[in-house]
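What follows is each chain in one-letter form.
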Amino acid sequence: MTPPSSGTGQRGGGSAIRLRHRTVHGYRRAFRMAGKGRAILLIHGIGDSSDTWRDVMPGLARSYRVIAPDLLGHGASDKPRADYSLPAYANGMRDLLGVLGVERVTLVGHSLGGAVAMQFAYQFPERCERLVLVGTGGISHQVTPLLRAASLPGAELLLMALRLPTMRTQLGLAVKALRFLDTGLGVDAPDLLRVVDALPDGTSRSAFIRTLRAVVDWRGQVGTMLDRCYLAQGMPTMLVWGGRDQVVPATHAGLGHVAMPGSRLEIFEDAGHFPFRTDPQRFERVLRDFIATTEPAPYSAEQWRRLLRNRTPGPRPSASRGTTRATTDDPPALRPA
């Protein structure tokens, strides 16, 4: 394993939030890290990178040790012909934390990163203090037709075509029209184009397609975690969603909220698939409040065995210091009865 290497970056928490690298299992892993205190692991979505968290990392780093990796196949991390499944990504997060000497974390996962976070909590519950799922995948099979189409044969050629100058001009005009018409897709269009721009070569596009096909096919998301949500009993959990999310619709937030009794739900009414980018100040406040008002999940091997054997959990203890609350921002359709 090589020592961390530095690059340019932002300032936050009194230390530079620069891009660093470690080599794990022969592959170079990029990550950003800043601050001291209890650890927060920020996991980005498909095609994205740790840079997506740049607006929230400096503030969080004033109170916590914040770690934001580039998943393998993404950003500045290596992009080998490798396993890009959710269990492999969860293993990669465990190994990176091991290299960094971090035992337990509050997991914050966005989109694909939310599915990775759930997989991590499932595989390594003893290392998970809290779970925050932001517009997460892995709750229902439904997903935007754009991702279903990108999983089809020939998708790499389409991604390559999207980078052609003439196509970029047309896409730019389409984005302006969507935003002018105030459509839900228009809210996310700039970030979706940013993700496409982050795939500059065949290696990047191949890694993107491999990752996507591990979780999505033409019918939608391949699998969900709903059958294992009962294992979240005793795990402080919060779901954060954009009310105008067209990539993973906000109805998934209600499904997850019901499937994880005692969870909190925060809806950013005017945000799309990237609420932490639309309103980073509110996102930071919500995350800070969640951490401050919950205790890290304890881990008991005996309780884990009991949950697996019984499958149907009993009443879940409140994750908060006091009663579990539904936020006042919940739309009526998503509030618990």
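What you see is a predicted model; the values in this text were computed from it and never measured.

(A) Region of the structure containing the overall build of the chain. The number of helices and strands found in the chain is 12 helices and 11 strands. For the chain, restricting intrachain contacts to residue pairs at least 6 apart in sequence, the fraction spanning at least 24 positions comes to 74%. Surface accessibility of the chain: about 14800 Å² in total, with carbon and sulfur atoms responsible for 56%.

(B) Representation of the nonpolar core in the model. Ranked by size, the top nonpolar core spans 52 residues in total, and within it Leu 41, Ile 43, Leu 107, Leu 112, Leu 131 and Trp 241 carry the most contacts. Formed by 26 residues, the second largest nonpolar core is a distinct cluster that contains Ile 40, Val 56, Val 66 and Ala 68.

(C) Expanded view of helix 3 (residues 112–123). Over its 12 residues, helix 3 runs 16 Å from end to end, which matches the ideal 16 Å to within 8%, given 1.5 Å per residue. Counting buried residues in helix 3 gives 10 out of 12 residues, a clear majority hidden from the surface. Buried residues along helix 3 sit in contact with strand 4 (39–43), helix 2 (86–100), strand 6 (105–110), strand 7 (128–134), helix 8 (202–215) and helix 12 (301–310).

(D) View of the side chain of Asp 48. Structurally, the position occupied by Asp 48 is in the loop between strand 4 and helix 1 (57–60). Side chain to side chain, Asp 48 and Thr 52 meet in a polar contact 3.1 Å long. Look past the residues within four positions of Asp 48 in its chain and what remains in contact with it is His 74, Gly 75, Arg 194, Val 195 and Phe 274.

(E) Region of the structure containing the packing of helix 2 against helix 3. One way to put it is that helix 2 packs onto helix 3 with a least axis distance of 8 Å and a crossing angle of 70 degrees. When the axes of helix 2 and helix 3 are compared, the pair comes out roughly perpendicular. Here Leu 86, Pro 87, Tyr 89, Ala 90, Asn 91, Met 93, Arg 94 and Leu 97 of helix 2 come into contact with helix 3, specifically with Leu 112, Ala 115, Val 116, Gln 119, Phe 120 and Gln 123. Considered class by class, the residues forming the contact of helix 2 with helix 3 number 10 nonpolar, three polar and one charged.

(F) Structural detail: the environment of Leu 41. With respect to the helices and strands, Leu 41 occurs in strand 4. For the pair Leu 41 and Arg 65, spaced 24 residues apart in the sequence, the C-alpha separation amounts to 8.6 Å. Setting aside its immediate chain neighbours within four residues, Leu 41 contacts Ile 67, Pro 69, Met 93, Leu 97, Val 105, Thr 106, Leu 107 and Val 108.

(G) Local environment of the side chain of Ser 263. With respect to the helices and strands, the residue Ser 263 is situated in the loop between helix 9 (251–259) and strand 11 (264–268). Of the polar contacts made by the side chain of Ser 263, one reaches the side chain of His 257; its length is 2.8 Å. Of note is the side chain of Ser 263, whose polar atom sits 2.8 Å from the backbone oxygen of Met 260.

(H) The arrangement of the pairing of strand 10 (residues 237–242) in detail. Most of strand 10 sits out of view: six of its six residues are buried. Burial along strand 10 is two-sided: the face carrying Thr 237, Leu 239 and Trp 241 and the face carrying Met 238, Val 240 and Gly 242 are both buried. Bridge count between strand 10 and strand 11: five bridges; the pairing is parallel. Across the sheet, residue Leu 239 finds its bridge partner in strand 11, namely Leu 265.

(I) Spotlight on the packing of aromatic side chains. Using the criterion set out here, one finds six aromatic pairs in the structure. The ring of Phe 268 has Arg 282 sitting right over it, with the charged end atom 4.0 Å from the ring centre.

(J) Expanded view of the pattern of salt bridges. Applying the stated criterion across every chain, the model contains 10 salt bridges. Note that Arg 54 and Asp 51 form a salt bridge whose closest N and O atoms lie 2.7 Å from each other. Judged by relative accessible area, Arg 54 falls into the partly exposed class, the value being 27%. What makes Asp 51 partly exposed here is its relative accessible area of 28%. The salt bridge partner of Glu 129 is Arg 130, with a shortest N-O separation of 3.6 Å. Residue Glu 129 is classed as buried on the basis of its relative accessible area, which comes to 3%. Residues joined in a network through salt bridges with shared partners are Arg 38, Glu 129 and Arg 130.

(K) Seen up close, the confidence of the model for the chain. Looking at the chain, the pLDDT average stands at 79 and 72% of residues meet or exceed 70. Predicted confidence is poor over residues 313–337, with pLDDT under 50, and the contacts of this stretch with residues over four places away or in other chains come to 57 contacts.

(L) Spatial organisation of the pairing of strand 3 (residues 27–34). The buried fraction of strand 3 is high, at six of eight residues. Across four bridges, the pairing between strand 3 and strand 5 (residues 65–69) is antiparallel. Paired with Phe 31 across the bridge in strand 5 is Pro 69.

(M) Quick peek at unusual backbone geometry. One non-glycine residue, His 25, lies in the positive phi region at around 60 degrees. Turning to its location among the elements, His 25 is positioned in the loop between strand 2 (15–24) and strand 3.

(N) Quick look at the environment of Ala 34. Relative to the elements of secondary structure, Ala 34 occurs in strand 3. Residue classification places Ala 34 among the buried positions, given a relative accessible area of 3%. With 34 residues separating them in the primary sequence, Ala 34 and Ala 68 have C-alpha atoms 9.2 Å apart.

Procedures and definitions
Chains are numbered independently. Their residues run from 1 in the order of the written sequence. Since the coordinates come from a predicted model, pLDDT governs what is reported: local features require at least 70, and pairs of side-chain atoms require 80 or more to be given and counted, while whole-chain, interface and lining totals use all residues. Calculated side-chain values reflect all of the structure's heavy atoms, with hydrogen atoms and water omitted. Here a strand is any run of E in DSSP of at least two residues, a helix any run of H or I of at least four, and the numbering for each starts at the N terminus. By the convention used here, residues are in contact when the closest approach between their heavy atoms is within 4.5 Å. Each accessible area is a Shrake-Rupley estimate made with a 1.4 Å probe; only the visible protein chains count as cover when residues are assessed. Remark: nonpolar core denotes a set of buried residues (Ala, Val, Leu, Ile, Met, Phe, Trp, Tyr, Cys) joined through side-chain atoms within 4.5 Å. Here's how the labels work: a residue is buried when its accessible area is under 20% of the maximum for its type, exposed when over 50%, partly exposed in between, all with a 1.4 Å probe on protein chains only. Expected helix span is taken as 1.5 Å per residue step, with the number of steps being one fewer than the number of residues. Each polar contact in these results corresponds to two N or O atoms within 3.5 Å; when the atoms are within protein, one needs to be able to donate a hydrogen and the other to accept it, and residues that are neighboring in sequence are counted only if both atoms are side-chain atoms. Orientation is described by axes fitted as lines to C-alpha atoms, over the contacting stretch for helices, and by angles from 0 to 180 degrees between their N-to-C directions. For classification purposes, an angle smaller than 35 degrees is called roughly parallel, one larger than 145 roughly antiparallel, one from 65 to 115 roughly perpendicular, and anything else oblique. Under the scheme applied here, ten amino acids are nonpolar (Ala, Val, Leu, Ile, Met, Phe, Trp, Tyr, Cys and Pro), four are charged (Asp, Glu, Lys and Arg), and all others, including Gly, are polar. Think of it this way: DSSP has to see at least two bridges between two strands before they count as a pair. Each aromatic pair joins two rings of Phe, Tyr and Trp (for Trp, the six-membered one) with centres within 6.5 Å, and gets the label stacked for planes under 30 degrees apart, edge-to-face for over 60, and tilted for any other angle. Placement of a charge over a ring requires the Lys NZ or Arg CZ to be within 6 Å of the ring centre, with the centre-to-atom vector within 35 degrees of the ring normal. Salt bridges are defined by distance alone: a side-chain nitrogen of Lys or Arg within 4 Å of a carboxyl oxygen of Asp or Glu. Looking at any residue, its pLDDT shows the predictor's confidence there, from 0 to 100.

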